[in-house]
Amino acid sequence: EAQVTQNPRYLITVTGKKLTVTCSQNMNHEYMSWYRQDPGLGLRQIYYSMNVEVTDKGDVPEGYKVSRKEKRNFPLILESPSPNQTSLYFCASSLWGGEAFFGQGTRLTVV
Amino acid sequence: AQSVTQPDIHITVSEGASLELRCNYSYGATPYLFWYVQSPGQGLQLLLKYFSGDTLVQGIKGFEAEFKRSQSSFNLRKPSVHWSDAAEYFCAVGADTDKLIFGTGTRLQVFP
């Protein structure tokens with residue numbers, strides 16, 4: 001089954017404690033991205049990757065890092081989380097043309 | 001700059017009634033347009049997409065959308081809403097680097 005898998009689904013952490021949210025896709029897509037969803041703001045792109053070892057900033061990259069060492073994986077790293085990064089995060093992958101397949105989401109709370 | 005506007009934050013309809021969710025976009029070239037649905041606690045599922053050709057596109061779950069270039073719109077419609085359609089709906093435009101730009105969403109509530 002074609003899917004994008006994110007882990008964990010829920011995470012509560014404390015300010016400053018580094019964390020990683022994993023994302024894996026089994027569709028051999030080249031393009032992967034991370035979004036955060038906040039009430040009234042829709043989904044905003046954090047980072048994207050057009051291929052292995054190629055990543056670039058989206059609209060709200062501050063406080064986040066990503067890596068793309070393998071085609072299937074695209075982890076999101078928060079080196080020093082802060083409360084304003086409390087949000088619902090989605091990983092997505094796609095072929096050219098923008099039709100994206102989304103993971104189930106990770107609800108992060110930073111206290 | 002590219003942008004997507006969904007003017008209705010919240011819509012309530014009765015089950016069996018027709019539905020239209022509005023979406024307006026701003027994009028310099030011919031856009032790729034999408035509608036996604038997000039059920040509570042779930043990720044986003046693609047309802048339908050427009051790349052080119054016929055401006056009336058059919059999607060899953062009985063939804064359709066019409067691309068109107070003159071109005072920069074891509075409104076989503078369904079002739080008869082079911083209770084299970086209650087969800088949040090997002091319109092998105094595909095930008096030049098495969099990036100998706102989303103609207104702020106419309107929450108649909110369905111009354112029996």
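Source: prediction; values computed, not measured. (Residues numbered from 1 in each chain as written. Chains lettered and ligands numbered in written order. Predicted model: local features only at pLDDT ≥ 70, side-chain atom pairs only at ≥ 80, totals over all residues. Heavy atoms only, no water.)

1. Observations concerning the overall build of chain B
Secondary structure summary: chain B contains zero helices and 12 strands in total. Counting from the amino terminus, chain B carries its helices and strands in the arrangement β-β-β-β-β-β-β-β-β-β-β-β. Computed over C-alpha atoms, the radius of gyration of chain B comes to 13 Å, within 12% of the 13 Å expected from 2.2 N^0.38 for 112 residues, which places it in the range of a compact globule. Considered along the principal axes of its C-alpha atoms, chain B spans approximately 40 × 30 × 20 Å. Here chain B holds 112 residues, and the buried ones make up 48% of them. Long-range contacts, defined as pairs at least 24 residues apart, comprise 53% of the intrachain contacts of chain B with a sequence gap of at least 6. For chain B, the computed accessible surface area is about 5,200 Å², with 49% contributed by carbon and sulfur atoms. Distance between charge centres in chain B, computed from 9 positive and 10 negative side chains, equals 2 Å. (Helix = DSSP H or I, 4+ residues; strand = E, 2+ residues; numbered from the N terminus. Rg over C-alpha atoms; globule rule 2.2 N^0.38 Å. Buried < 20%, exposed > 50% of the residue type's maximum accessible area, 1.4 Å probe, protein only. Contact = heavy atoms within 4.5 Å. Areas by Shrake-Rupley, 256 points an atom, 1.4 Å probe, with all protein chains shown as cover. Lys, Arg positive; Asp, Glu negative; His and termini not counted. Charge placed at Lys NZ, Arg CZ, Asp CG, Glu CD.)

2. As for the interface of chain A and chain B
Opposite the 23 residues of chain A that make contact, chain B presents 20 residues. Summed over both sides, the interface between chain A and chain B buries roughly 1,800 Å², with carbon and sulfur atoms accounting for 51% of that surface. Between the two partners, chain A and chain B, sit zero salt bridges. Our count for the contact surface shared by chain A and chain B stands at four residue pairs in polar contact (both at pLDDT 80 or more). (Buried area = accessible area lost by both parts, 1.4 Å probe. Salt bridge = Lys/Arg side-chain N within 4 Å of Asp/Glu carboxyl O. Polar contact = N/O pair within 3.5 Å; in protein donor to acceptor, adjacent residues only side chain to side chain.)

3. Points about the state of the cysteines
Tallied over the entire structure, the rule returns two disulfides over all chains. Here Cys-23 of chain A engages in a disulfide with Cys-91 of chain A; their sulfurs sit 1.8 Å apart. Disulfide Cys-23 of chain A-Cys-91 of chain A: torsion about the S-S bond near -70 degrees, hence left-handed. With Cys-23 of chain A in strand S3 (residues 19–25) and Cys-91 of chain A in strand S9 (residues 87–94), this residue pair connects regions lying 68 residues apart in the sequence. On the accessibility criterion, Cys-23 of chain A (2% relative accessible area) is buried. One disulfide bridge connects Cys-23 of chain B with Cys-91 of chain B, the sulfur atoms lying 1.9 Å from each other. (Disulfide = S-S within 2.5 Å.)

4. Examining the pairing of strand S1 (residues 4–7) of chain A
Residue and element names in this part refer to chain A. Here S1 shows one buried face, formed by Val-4 and Gln-6, and one open face, formed by Thr-5 and Asn-7. Pairing of S1 with S3 involves four bridges; the strand directions are antiparallel. Residue pairing across strands places Thr-5 opposite Ser-24, the latter belonging to S3. (Pairing = 2+ DSSP bridges.)

5. Considering the nonpolar core
One broad rule of soluble globular proteins: the nonpolar side chains tend to lie buried together. Core analysis: the largest hydrophobic core is formed by 29 residues, its most contacted members being Trp-35, Leu-48, Phe-74, Leu-76 and Tyr-89 of chain B. With four residues, the single largest contributor to this core is strand S10 (residues 87–94) of chain B. (Core = buried A, V, L, I, M, F, W, Y, C linked by side-chain atoms within 4.5 Å.)

6. Quick look at the side chain of His-29 of chain A
Residue and element names in this part refer to chain A. Mapped onto the fold, His-29 is located in the loop between S3 and strand S4 (31–38). Looking at His-29, the relative accessible area reads 4%, which means it is buried. A polar contact of 3.2 Å, which involves the side chain of His-29, links it to the backbone nitrogen of Ser-94. The residues touching His-29, leaving out its near neighbours within four places in the chain, are Arg-68, Lys-71, Ser-93, Ser-94, Leu-95 and Phe-101.

7. Thoughts on the sheet that holds strand S7 (residues 65–66) of chain A
All names here are of chain A. If you trace the four strands from one edge of the open sheet to the other, you get S1-S3-S8-S7, paired in antiparallel fashion. Each of the sheet's edge strands pairs with one partner strand only, and the pair in question is S1 and S7. Where S3 lies against strand S8 (residues 76–78), three bridges are found, and the strand directions are antiparallel. From the neighbouring strand, Thr-20 faces S8, where its bridge partner is Ile-77.

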